[in-house]
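The residues making up each chain are set out below.
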Amino acid sequence: MAVMFLAYALSMNPDLGIHVTHPYGMEDDIDGWRVTDATNVYSQCTWQLRLEDVEKLSDCIIESWDDWVEGSPALWKEDGWLVEHQPVSVCCRFGQNQAIASSNSQTRCVEGANWQAQRLYAQIHYMSLAIATDIIATKVNRWEDIANEQILLNHKAVYDSPDPLVRQEVDLEELPHQDPETEDENKVYDKGGRRIPRCMGMVAPGMKSCGILVNLETVPELFSSFITDDEDMDMDLDVYEDQDIRTPLVNVYPQAFLRKTGHIQCNTVLPQFSPFLTKIHKSVTRPLRGIDDNLDEEDEELFNHDDGVVPPAVLSMACQFYNELSHQTHPSAALHEVQEGRITSALSGAYGTGRRAALNHPNIIRECEASLPHQRFDNKIKHDDVPHALRLENVYIIQLDSLLPGHCTGKHIYRDIIIPLARAWSHPDIFDVLRLHLVIFTPEWTPFGITSLLERIWKHQHPWLKHNLKQMPEIIELCSVLERTLAYAHMGNAKVIATSLMRPFWLVQSLLQQGLPTLSTKIQISSSSLTTPITRSQILTYGQNHFEAYKAEFHIMLSINQLAPQLFQPYTSELRHASAIALVALQAYVADVKGLVAAAVNKECANEEGDIGVGNVSNSKTHLTSLHKWLSCSYPLSYQDRAFEHLLRCIIPNHEDHSDGLPNQSEQQLTIRDFSLRIISMMRADNPSVVGAPLIYSAPSTTVFCIAGIYMLKYAPQHSPQAADSFMQDAFCGAANHLHINHVPWHVANVGLVGITLVSLCIRLGPTNSAAEASNKAQATDARAAWAVNSITLRSLPQFISRDSLPEEFSLDNIDVERGETEPLICQIYEWVFAIFNPWKPIHKIALLAGIYISRILPDIFTNGEYSPAVGDGGRAITQALRALPWNPNRSTRRGSRSTNQFIVMVPAYIIAVYEADSPLQKYFADHQGKGFPLRWNSKNSNKGIGSLLMIRLGLANAQKKLNAKYHEINMHLSDLQYGPFKIAVTFFGLNKAIELGRTSQMYTIKPAMQSIATHKHLKEAAKEKEDEEDDDEIEIIEHVKGKRARL
């Protein structure tokens, strides 16, 4: 009750940002509501009150207490406490926002005495303070002249200019108050150069003051011309380390979607303050002692005893110009009503499972039910006397060691420094320049469209919140986008803009370039556009674990509702969805592993850097470099991009132990299905096993796995738990293969501990030299490791082709496919092939092997031979003749026949697209009545020698039945580790080319028997050619001889 009255009394002061929506709470029973539901008095721990604020509070208590008690609920007054007591206010201290440098001389004397009594300034090295002034603008109905007698009574002399070098004294009787033609006031100035008002503006009763903001386009010009009146000043670098204080950096903060108008901050003050600062320095700074000065002991303390350096008494540090309304409605940006994302927190609270979420979520819902954040802000500014002045604030540092002896007192500081700095704002040299960059306008509420949309979202989703139902992530993120947009209208700080999330809405460009928010007419939220949900409001309200749970469901729901077209394409629909969910969980797991290793390595490196020794520092840098490389790998738990090698380098204590690989205290080896089964057993809803390896206890991914399990079970078979577990195993295996997870962190369970923490992979660090050999060894023995065709020989191909992973070269990135192809069908064909590729399907495996073998004979993919079939040649004879043609390079000038990576991909893609009946290529062929393939497809492949002729020469232009027989034949060759690769080459290229490839590249072992056959055949053909040549020579000689005889 007392708190509610105090909040009510404080809300009567428009200078404070306190408001009360319900003076007596939500209902009569106090236990049915919380103070935060009715007022924001608890929104910050401390409310700073000035002397005027305390006086207003005291007056309000005296005037309002009885009426407030009389209007309170009867239930509150039953015990008599409220009726029998009265509040008492005691003012202990005031300071911030206190009026200073009053025009009244008596008030200035009191202020000086207060400064004198506050502190012992002689014992203070330096002090910082901000001095501000307010500029108020009010619409004037008419002007009244101020009597000349009154002006002369306050000022002995008046002048026509503020400049003492050119000004002339003015006779007010001869100078009219206003110019007859322009009706502008004829300005006059006092001896100090300050303008003396000659007209008084008359304001209508109840007229509100106008808002004032800064022109953001022109105000940087104020700071661009520096007035160099203080060139010889030195600084105390202990106080201020910036060596270039003359380089202004102006930060602008647009307000209310105006873009060109708002607030500013700068790292220096206006250059027009230089003359005033110079004058202060000359009057208060201790003088510099000369070399030839002979001083008495009494005069010694007048001079500075440093080595020829006198730090300036006053340093100008920064300034900011802002509307006082912003300062009064919220003490800081973090405490602004619209900055806290309360509607987003209310919508996302149902995702939390912890105690913190259970406590906070109902309170936030009640808070929003009472009033939404922008409505509470509106309540604050409804008062007629809410300030709209523009506050101009300069920040200074006073170095008390530099003051003259005897002047290091509060009275002298106030009189000689504070008052001159405060009064400088009103000097024409500053104000007349500044006023050109100010914008005056009547207050209007511009973000109406954003607030209306937020209200509609809240009204639509509120019934769901009452039943604690989870909101769709798309709605939550849309609400967050709108709240951030509204926060930008209030704060003008671009940091509230979540670029990756808000760009698809067109909000980033529209806010920063146009000012007003513009939403796309076609808003589509997908897993590709929303990669990371907005975090801050949820973490601050509910904690990190809540956010991880929400983020998991966020990605899961987007993934299953909008599956990527090519993701897990060969799987059934149910398994595709489950695998997509498992992929989200494993991605969170990989992120946790990266964080675990990074934290351990950084900790150990910090410990080693603390030890004395150059070697330790060098080793730490080496480990940190390896850590950075490992973290930047796309698949950090794989062998790709040397990830395994980098991991070894950053965590193994001794480079001599690299050959042993990663530490494995348990000495266990897991298959991918065992890995999946362990995860499934730990994330069961009923009777889960204790969280242990490979999961990380208390890591966010553990929660993510549990949530993923719930969603995966919706797609799993329901007839038996065993079938469901097997289904989920398949999903996790597919997701793990997609992420190329080849090794995971491990630890041994400690008996008796319910929660087991992961033993750090990183122990005491030492020098590292090489880990490549260990990486290659581990990769060679891992059946799931990624592999590259270009890094192996055909001799070892049988060991790699049977792996679960495809070669690294088999990637769509290795095909030069332009998205702007004249025929989009080309892109569709290649994407389709990669989506349905199955290495265990006969034609797919044959196609992949054909592409690998073709890449080894490049550029000999063409032929220089010619064949013209005879009239009686059948299909078999023609095929044998074409296959017997030699393999030669391309005779034309066309390029593109030497890129092995392209052929490893394009040859299999061509074969599969031709043979698969469901391929887009075959559908095109059928739709065009078998007239042929697309011209662009033919030209793209024929340029590289890929086409029907290549299919014939490889022996693949056969019916499906014969291809199955060829598949079994190739499989038999793969089982022959000694001569199998050579036999496959014979199958594709023929005996001669296979032997030539084996001799020139040493890719495999040539079978001697087959080589002798080829040699015998070659010798026989050579002998026959020689015999033919000899016969031809004899005939030529005979003809030659006969010719000679005829001439004789």
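Scoring rules and cut-offs
Residues numbered from 1 in each chain as written. Predicted model: local features only at pLDDT ≥ 70, side-chain atom pairs only at ≥ 80, totals over all residues. Heavy atoms only, no water. Core = buried A, V, L, I, M, F, W, Y, C linked by side-chain atoms within 4.5 Å. Buried < 20%, exposed > 50% of the residue type's maximum accessible area, 1.4 Å probe, protein only. Helix = DSSP H or I, 4+ residues; strand = E, 2+ residues; numbered from the N terminus. Contact = heavy atoms within 4.5 Å. pLDDT = per-residue confidence, 0-100. Patch = residues over 30% accessible without salt bridge, like charges linked within 9 Å, V, L, I, M, F, W, Y side chains within 5 Å. Areas by Shrake-Rupley, 256 points an atom, 1.4 Å probe, with all protein chains shown as cover. Salt bridge = Lys/Arg side-chain N within 4 Å of Asp/Glu carboxyl O. Lys, Arg positive; Asp, Glu negative; His and termini not counted. Charge placed at Lys NZ, Arg CZ, Asp CG, Glu CD. 1 Å grid on protein atoms, 1.4 Å probe; cavity = no way out; pocket = protein on both sides within 12 Å on 5 of 7 lines; lining within 4 Å. Points joined across faces, edges and corners; volume = space filled by probe spheres on them. Nonpolar A, V, L, I, M, F, W, Y, C, P; charged D, E, K, R; others polar.

Overview of the nonpolar core
- With 99 residues, the main nonpolar core has Leu 586, Phe 705, Met 712 and Phe 732 as its most contacted residues.
- No other element matches helix H22 (residues 573-610), which puts 16 residues into this core.
- Aside from chain neighbours lying at most four places away, what touches Leu 586 is Phe 675, Ile 679, Phe 705, Phe 732, Ala 735, Ala 736, Leu 739 and Ile 741.
- Formed by 64 residues, the second largest nonpolar core is a distinct cluster that contains Val 833, Phe 837, Leu 950 and Ile 1006.

Considerations on the confidence of the model for the protein
- For the protein, the average pLDDT comes to 77, and 79% of its residues sit at 70 or higher.
- Residue range residues 527-531 is modelled with pLDDT below 50. Its contacts to residues more than four positions away, or to other chains, number 13 contacts.
- Segment residues 748-770 is flagged for pLDDT under 50; beyond a separation of four residues in sequence, or across chains, it makes 61 contacts in the model.

Some remarks on a negative patch on the surface
- Among the surface-exposed residues, Glu 149, Glu 169, Asp 171, Glu 173 and Glu 174 lie close enough to one another that they form a single negatively charged patch.
- If you trace the backbone, Glu 174 turns up in the loop between helix H6 (148-154) and strand E4 (188-189).
- Using a relative accessible area of 67% as the deciding quantity, one classes Glu 174 as exposed.

A look at empty space enclosed by the protein
- This structure, assessed with the given rule, holds 2 cavities of 30 Å³ or more.
- Residue lining of the largest cavity: Trp 787, Ile 801, Arg 803, Ser 805, Leu 806, Pro 839, Trp 840, Lys 845 and Leu 848, and that is the complete set.
- Looking at the lining of the largest cavity residue by residue, the classes come out as 6 nonpolar, 1 polar and 2 charged.

Observations regarding the pattern of salt bridges
- Summed over the entire model, instances satisfying the criterion amount to 15 salt bridges.
- Taking the shortest distance from any N to any O, the salt bridge between Lys 260 and Glu 217 comes out at 3.9 Å. One end of the pair, Lys 260, is in the loop between strand E8 (250-254) and strand E9 (261-266); the other, Glu 217, is in the loop between strand E7 (209-215) and helix H7 (220-224), and 43 residues separate them in sequence.
- We classify Glu 217 as partly exposed; its relative accessible area is 48%.
- Residue Arg 649 pairs with Glu 645 through a salt bridge whose shortest N-O separation is 3.1 Å. Residue Arg 649 and its partner Glu 645 are located together in helix H24 (residues 643-651), separated by 4 residues, close to a single helical turn. Neither Arg 649 nor Glu 645 differs from the other in exposure class; each is buried.
- It is possible to trace a salt-bridge network through shared partners that takes in Asp 134, Glu 324 and Arg 391.

Quick look at the environment of Ser 701
- Mapped onto the elements of the fold, Ser 701 is located in helix H26 (residues 700-713).
- Note on Ser 701: relative accessible area 1%, which makes it buried.
- Every residue in contact with Ser 701, bar those within four places of it in the chain, is listed here: Ala 588, Tyr 589 and Asp 592.

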